[in-house]
Each structure stands twice: as C-alpha cells, then as structure tokens.
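# An overview of the molecular structure
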Amino acid sequence: MPAVFMRMIDTRLVRYLLASVGALAVDMGTFLALLSLGIWAAGASAVGYCLGIAAHWLMSSRAVFIGNVAERGAARTRQKALFVISALVGLGLTTAIVWAGDASGFDPRLAKLVAIAVSFVATWLLRSRVVFR
C-alpha cells in the first residue's frame, strides 16, 4: 500500500483511539458510579456503554471519520442506523463479558477491562469497514 494511504489509516486509527478514550471515560465513570450505588454489574455496564456510545457518535462523526460522514437524508439515517447496530454488537459483547466474569466470581471491573478490549476491536472493524466506508 502507498505510504500516504498508510499514514491516513494510522491517523484515523489514532483519532478513533482518542475518541474511544473519551467515550470510555463516560462509560467507565458511569459504570463505576452505578456499581458504587449497588447496581447489578451487567446493568451498570450496559448503561455506561450506552452513554459512552452517544459520546462516541459525536466524536466519531465530527473528528474521526470526517470525510466519510453521509450528508443529510436517507444516507445519513442509514449511517446512523449502522452505527447503532455496531454499538449494539459492542453492547452485547460488553454486557455478556461482564456478566460472565461477575457470574464466575471475577471482579466486574476486571471483566469490564476485558470487555473494553474486545468491544474496541469489534466496533473499530465494523465502523471503519462498514459504517464509515
């Protein structure tokens, strides 16, 4: 692949990583706050993830995939729907991993860290290859 293309991918991946860190701050802050209130770990994880997704859409569409955001209308609606589907995949993975970890006696915070890594890879692949192609 040409060097210019590789640089563009690397830059977009770095921006995606930074957007993910911002969304993760929203996600983990919510998750930890809800855990401290005694909320069920998988439920707290799901709520945190949903709020993180809202933050991630804002950052992804405005700073990461700038040239690939659809204009208004049906194309934009389709893109948002695909983003939500990718978010639901990540949500499902996150909730299942935290539930399985918690049910197996692992600290839910450690399970959440595993879920973060798995979800990051899955959603990056979906968003970079399907949602914002």
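Going by the structure above, here's the rest.
Residues numbered from 1 in each chain as written. Predicted model: local features only at pLDDT ≥ 70, side-chain atom pairs only at ≥ 80, totals over all residues. Heavy atoms only, no water.

### Structural notes on the nonpolar core
Which entries qualify depends on this criterion: In these notes, a set of buried Ala, Val, Leu, Ile, Met, Phe, Trp, Tyr and Cys residues joined through side-chain atoms within 4.5 Å is what counts as a nonpolar core. Remark: exposure states derive from per-residue accessible area (1.4 Å probe, protein chains only) relative to the maximum for the residue type, with buried under 20%, exposed over 50%, and partly exposed in between. In this description a helix means any DSSP run of H or I spanning at least four residues, a strand means any run of E spanning at least two, and both kinds are numbered starting from the N terminus. Whether two residues touch is decided by their heavy atoms; if any such pair falls within 4.5 Å, the residues are in contact.
By size, the foremost hydrophobic cluster in this structure holds 16 residues, and its most contacted members are Y16, I53, V64, F65, F83, V131 and F132. Among the secondary structure elements, those contributing two or more residues to this core are helix 1 (3–36), helix 2 (41–64), helix 3 (74–103) and helix 4 (108–131). Ranked by the residues each element gives to this core, the list is headed by helix 2, at 5 residues. Apart from the residues within four sequence positions on either side, I53 is in contact with F83, A87 and R127.

### A few points about the packing of aromatic side chains
So the rule is basically this: Working definition: a ring pair exists when centres of Phe, Tyr or Trp rings (six-membered ring for Trp) sit within 6.5 Å. Plane angles under 30 degrees give stacked, over 60 give edge-to-face, the rest tilted. For a Lys NZ or an Arg CZ to count as sitting over a ring, it must be within 6 Å of the ring centre and within 35 degrees of the ring normal.
Under the defined criterion, the tally for this structure stands at 5 aromatic pairs. Between W57 and F83 the ring centres are 4.9 Å apart and the planes differ by 75 degrees, which places this aromatic pair in the edge-to-face class. A residue pair is termed long-range when its members are at least 10 positions apart, and W57 in helix 2 and F83 in helix 3 qualify at 26 residues. Look at W57 and you get buried, because its relative accessible area is 13%. Aromatic pair F83 and F132: ring centres 6.2 Å apart, planes at 70 degrees, arrangement edge-to-face. With F83 in helix 3 and F132 in the segment after helix 4, the pair connects residues that are 49 residues apart, well separated along the chain. When sorted by exposure, F83 lands in the same class as F132, which is buried. An aromatic cluster of three or more residues is present, and its members are Y16, F120 and W124. Taking the ring centre of F31 as reference, the NZ or CZ of K112 above it sits at 5.2 Å. Against the face of F83 rests R127, its NZ or CZ located 4.1 Å from the ring centre.

### Here we look at helix 3
Inclusion rule: Helices are assigned an expected span. That span is 1.5 Å times one less than the residue count.
The end-to-end C-alpha distance of helix 3 is 42 Å, a good match for the 44 Å that 30 residues give at a rise of 1.5 Å each. Q79, L82, F83, S86, A87, G90, L91, T94, V98 and G101 are the residues of helix 3 that are buried. Structurally, helix 3 contributes buried residues whose contacts are with helix 2 and helix 4. Backbone geometry just after helix 3 places G105 at a positive phi near 95 degrees.

### Topic: the pattern of salt bridges
A side chain with one charge can pair with a side chain of the opposite charge if their charged atoms come near. Here is the rule: By salt bridge we mean one thing: a side-chain nitrogen of Lys or Arg within 4 Å of a carboxyl oxygen of Asp or Glu.
Counted under the stated rule, the structure contains 2 salt bridges. As a salt-bridge pair, K112 and D27 come within 2.9 Å of each other at their nearest N and O atoms. A residue pair is termed long-range when its members are at least 10 positions apart, and K112 in helix 4 and D27 in helix 1 qualify at 85 residues. For the residue pair K112 and D27, the accessibility class agrees, reading buried in each case. R109 is the salt-bridge partner of D107, the closest N and O atoms lying 2.8 Å from each other. Its relative accessible area of 44% is what places R109 among the partly exposed residues.

### Quick notes on a nonpolar patch on the surface
Test applied: Each patch is built from residues that are more than 30% exposed by relative accessible area and take part in no salt bridge. Like charges join if they lie within 9 Å; nonpolar side chains (Val, Leu, Ile, Met, Phe, Trp, Tyr) join within 5 Å. Values of accessible area rely on a 1.4 Å probe in the Shrake-Rupley scheme; residue burial ignores everything except the protein chains shown.
Taken together, the side chains of L37, I39, W40 and W99 define a hydrophobic patch exposed on the protein surface, amounting to about 500 Å² of accessible area. Residue placement: W99 occurs in helix 3.

### Considerations on the packing of helix 2 against helix 3
What counts is decided by this rule: Here an axis means a line fitted to C-alpha atoms, over the contact stretch when the element is a helix, while the angle between two N-to-C directions is reported on a 0 to 180 degree scale. Working definition: roughly parallel below 35 degrees, roughly antiparallel above 145 degrees, roughly perpendicular at 65 to 115 degrees, and oblique for all remaining angles. Should the near helix be turned anticlockwise from the far one by less than a right angle, the crossing is left-handed, and should it be turned clockwise, the crossing is right-handed. The residue classification treats Ala, Val, Leu, Ile, Met, Phe, Trp, Tyr, Cys and Pro as nonpolar and Asp, Glu, Lys and Arg as charged. All others, Gly included, are polar.
At their nearest, the axes of helix 2 and helix 3 sit 9 Å apart, and the two run at 150 degrees to each other. Judged by the angle between their axes, helix 2 and helix 3 are roughly antiparallel. Considering only the axes of helix 2 and helix 3, their crossing is right-handed. Across from A41, A42, S45, A46, Y49, C50, I53, H56, W57 and S60 in helix 2, the residues of helix 3 making contact are R76, K80, F83, A87, G90, L91, T94, T95, V98, W99 and D102. Considering only residue class, the contact of helix 2 with helix 3 consists of 12 nonpolar, 6 polar and 3 charged.

Honestly, it's all geometry; don't read function into it.
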